[in-house]
Amino acid sequence: EFGSKEFGPRRSGGRRRVQYATGSPRPGTGEHPRSTEGTLPVAARATWSDDVLHACEQGMREAGYSRHYLERARDLWHAFHRGRELRPVRPQVYAAAVEYAVASANQLDGITQVSIARRYGVSPSAVSNRYREIRDVLALQRDAPRRPPG
């Protein structure tokens, strides 16, 4: 259970207060509540993971990626988050990191963490941190350079 919620006016100014399991009020942040271990509660994990995947697919479609790369992103995300306790950050941060991981592994030209971060509305440092996490967990390496046919 996520703790108590007060929906009526408080005596000290009428503001609402939401208190989660950590005891920290988090009004208006838009973040999912955290459990005492700093990870998402079980009920929120599936929805949050779906939000990451949706944001990634939408962002990659808008950027013109082919279905092949969308499938690779989906597979990478499922392999990464399955059975792991993830730090609850904005879904767009992990979505951007997944896109960068796919672009980097496939040596796609002209794609940078900064350009991806701008499209998702997140900071480049957040993308970099989550990308390193994904890279380390999955031991990602770049695909071998492609030779021209013939």
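The rules we used
- Residues numbered from 1 in each chain as written.
- Predicted model: local features only at pLDDT ≥ 70, side-chain atom pairs only at ≥ 80, totals over all residues.
- Heavy atoms only, no water.
- Helix = DSSP H or I, 4+ residues; strand = E, 2+ residues; numbered from the N terminus.
- Buried < 20%, exposed > 50% of the residue type's maximum accessible area, 1.4 Å probe, protein only.
- Contact = heavy atoms within 4.5 Å.
- Phe/Tyr/Trp six-rings, centres within 6.5 Å; stacked < 30°, edge-to-face > 60°.
- Core = buried A, V, L, I, M, F, W, Y, C linked by side-chain atoms within 4.5 Å.
- pLDDT = per-residue confidence, 0-100.

Attention now goes to the overall build of the chain. Counting secondary structure elements, the chain contains five helices and two strands. When the elements of the chain are put in sequence order from the N terminus, they spell out β-β-α-α-α-α-α. With 150 residues in all, the chain has 37% of them scored as buried. Considering only intrachain contacts with a sequence separation of at least 6, the fraction spanning at least 24 residues in the chain is 59%.

The next thing to look at is the environment of I134. Inspection of the secondary structure puts I134 in helix 5 (residues 124-138). Between the C-alpha atoms of I134 and A79, which are 55 residues apart in sequence, the distance is 9.7 Å. If sequence neighbours within four positions are ignored, I134 has contacts with L76, F80, Y94, A97, V98, A101 and L140.

It is worth spelling out the packing of aromatic side chains at this point. Enumeration over the complete set of coordinates arrives at seven aromatic pairs. Geometrically, the ring pair formed by W48 and Y94 is edge-to-face, given 5.5 Å between the ring centres and 90 degrees between the ring planes. With W48 in helix 1 (residues 42-62) and Y94 in helix 3 (residues 91-105), this pair connects stretches of sequence that are 46 residues apart. Relative accessible area serves as the criterion here: at 0%, Y94 is assigned to the buried category. A connected cluster of aromatic rings, assembled from ring pairs, spans W48, W77, F80 and Y94.

Quick look at the nonpolar core now. If you look at the biggest cluster of nonpolar residues, it comprises 33 residues, and the most contacted ones within it are M60, W77, Y94, Y120 and I134. Of all elements in the fold, only helix 1, helix 2 (67-81), helix 3, helix 4 (113-120) and helix 5 reach the threshold of two or more residues within this core. The dominant element in this core, judged by the number of residues it contributes, is helix 3, at ten residues. In contact with Y120, not counting residues within four places along its chain, are A55, C56, G59, M60, R90, Q92, A95, A96 and E99.

What follows covers the confidence of the model for the chain. Across the chain, pLDDT averages 74, with 63% of residues at or above 70. Element-level mean pLDDT values for the chain span from 36 in strand 2 (residues 17-18) up to 97 in helix 4. Under a pLDDT of 50 for its full length, residues 1-37 has, in the predicted model, 45 contacts with residues more than four places off or in other chains. Per-residue pLDDT stays below 50 along residues 144-150; that stretch engages in four contacts with residues further than four places along the chain or on separate chains.

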